[in-house]
Amino acid sequence: MDNYSNILEKEDILVAEDDKDLRRLLQFDLESGDFKVRLAENGQIALDMVREKIPDCILLDVMMPVMDGFEVCKRLKSMDRTKDIPIIFLTARGATEDKVKAMGFNADDYVLKPFDFKELIARIKLQISKNNSRKYEVGLIKEKTVLAVVEELAERISMPVEKLRSEFLRLEEIIGNNQNGIDSLRECEMARRQMREVFNQMLSEIDSFYEPVEEGETVGI
């Protein structure tokens, strides 16, 4: 899917809540806020749904059957593939130790029931925005790293490629009119030019300002 399609796609919110009425109420309000909503009635189902598709944010109840919210959060935050998913706990339990426990599992936010839906949506958007900013920064770092590697590689190979050009010039004088030698030299020179073109193309694709250095005298074959 291209970037334009990604922009148009609704953000995916996974709601893990064992209270059926609250699940439906959350679904209605979140869909009214232009989110795509998936529902899970317990922690295990929530984990299975995350495996199927990574959501943009998870609303996670603490007290659920089969697997509670703390265990779900612990598992998701321990895996590279899911550790960056924003997790917001929704719970009626307001004890300080519960908040500390949630933060200890690297939860991103903690909202007490009953809550204001406008505030909840604002918190969701904030967490998604923060996560998107992190992804963008990581992408920039990776892009810079790739560019540095390619530039270093191109610099290291440029010298032997240019050395080949000078040697071909010398061989051209030595070979003279020997047709077999001329044919062989022509093939070697074509391969050298292809190597140079590949690296020029690689640098141009990752650096829009890159301009290939013009070669001086080339082998006239």
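This text goes with the structure placed above it.
Let me sum up the structure you'll find in this document.

Scoring rules and cut-offs
Residues numbered from 1 in each chain as written. Predicted model: local features only at pLDDT ≥ 70, side-chain atom pairs only at ≥ 80, totals over all residues. Heavy atoms only, no water. Pairing = 2+ DSSP bridges. Helix = DSSP H or I, 4+ residues; strand = E, 2+ residues; numbered from the N terminus. Axes fitted to C-alpha atoms, helices over the stretch in contact; angles between N-to-C directions. Contact = heavy atoms within 4.5 Å. Parallel < 35°, antiparallel > 145°, perpendicular 65-115°, else oblique. Left-handed = near helix turned anticlockwise from the far one by under 90°. Nonpolar A, V, L, I, M, F, W, Y, C, P; charged D, E, K, R; others polar. Patch = residues over 30% accessible without salt bridge, like charges linked within 9 Å, V, L, I, M, F, W, Y side chains within 5 Å. Areas by Shrake-Rupley, 256 points an atom, 1.4 Å probe, with all protein chains shown as cover. Salt bridge = Lys/Arg side-chain N within 4 Å of Asp/Glu carboxyl O. Lys, Arg positive; Asp, Glu negative; His and termini not counted. Charge placed at Lys NZ, Arg CZ, Asp CG, Glu CD. Buried < 20%, exposed > 50% of the residue type's maximum accessible area, 1.4 Å probe, protein only. Right-handed = clockwise from strand over helix to strand, strands pointing away. Core = buried A, V, L, I, M, F, W, Y, C linked by side-chain atoms within 4.5 Å. Polar contact = N/O pair within 3.5 Å; in protein donor to acceptor, adjacent residues only side chain to side chain.

Some words on the sheet that holds strand E1 (residues 12-16)
One open sheet accounts for 5 strands, arranged E2-E1-E3-E4-E5; its pairing is parallel. Of all the strands in the sheet, just strand E2 (36-40) and strand E5 (109-112) have a single pairing partner and so form its edges. Neighbour-to-neighbour, the strand axes of the sheet open up by a mean angle of 20°, direction not taken into account. Taken together, the 4 bridges between strand E4 (residues 87-91) and E5 define a ladder with parallel strand orientation. In the sheet register, Thr91 faces E5, and the bridge partner there is Leu112. The sheet strands contacting helix H3 (residues 43-52) are E1, E2 and strand E3 (57-61), and the helix crosses E2 at an angle near 140°. Sitting on the sheet, helix H4 (residues 69-77) is in contact with E3 and E4, with an inclination near 175° to E4.

Looking at the packing of H3 against H4
Interhelical geometry of H3 versus H4 gives an angle of 25° and a closest axis separation of 9 Å. Judged on the interaxial angle alone, H4 and H3 are roughly parallel. Helix-helix and strand crossings are classified by hand; for H3 and H4 the assignment is right-handed. Residues Gly43, Leu47 and Val50 of H3 form the contact with H4, whose own contacting residues are Val72, Arg75 and Leu76. Among the residues making up the contact of H3 with H4, the classes are represented as 4 nonpolar, 1 polar and 1 charged.

Section: a negative patch on the surface
Judged by side-chain charge, Asp18, Asp19, Asp21 and Glu41 come together as a negatively charged surface patch. Topologically, Asp21 is positioned in helix H2 (residues 20-32). Classification of Asp21 as exposed rests on a relative accessible area of 64%.

A closer look at the pairing of E2
Look at any regular strand and the pattern is simple: side chains alternate between the two faces of the sheet. Pairing of E1 with E2, which is carried by 5 bridges, proceeds in the parallel orientation. Paired with Asp12 across the strands is Lys36, a residue of E2. At this point the chain moves from E1, through H2, to the parallel E2, and the crossover so formed is right-handed.

Looking at the side chain of Thr91
Structurally, Thr91 can be placed in strand E4. Of the residues examined, Thr91 reaches a relative accessible area of 2% and is grouped as buried. Every residue in contact with Thr91, bar those within four places of it in the chain, is listed here: Asp61, Val62, Tyr110, Val111, Leu112 and Lys113.

Description of the nonpolar core
Core analysis: the largest hydrophobic core is formed by 22 residues, its most contacted members being Leu14, Ile58, Leu60, Leu76 and Phe89. Dropping the residues within four chain positions of it, Leu76 is found in contact with Leu47, Val50, Ile58, Thr82, Lys83 and Ile87. Core analysis: the second largest hydrophobic core is formed by 17 residues, Ile13, Leu26, Ile88 and Val111 among them.

Quick word on the side chain of Asn42
For Asn42, the location among the structural elements is in the loop between E2 and H3. Separated by 2.9 Å, the side chain of Asn42 and the backbone nitrogen of Ile45 make a polar contact. Among residues more than four places away in sequence, those in contact with Asn42 are Met64, Pro65 and Val66.

Looking at unusual backbone geometry
The omega angle of the peptide bond from Lys113 to Pro114 is -10°, so this bond is cis rather than trans. Relative to the helices and strands, Pro114 resides in the loop between E5 and helix H6 (117-175). Even without being a glycine, Asp34 presents a positive backbone phi close to 70°. Checked against the element boundaries, Asp34 lands in the loop between H2 and E2. What makes Asp34 partly exposed here is its relative accessible area of 48%. One non-glycine residue with positive phi stands out, namely Asn106, at about 65°. Its place among the elements puts Asn106 in the loop between helix H5 (96-104) and E5.

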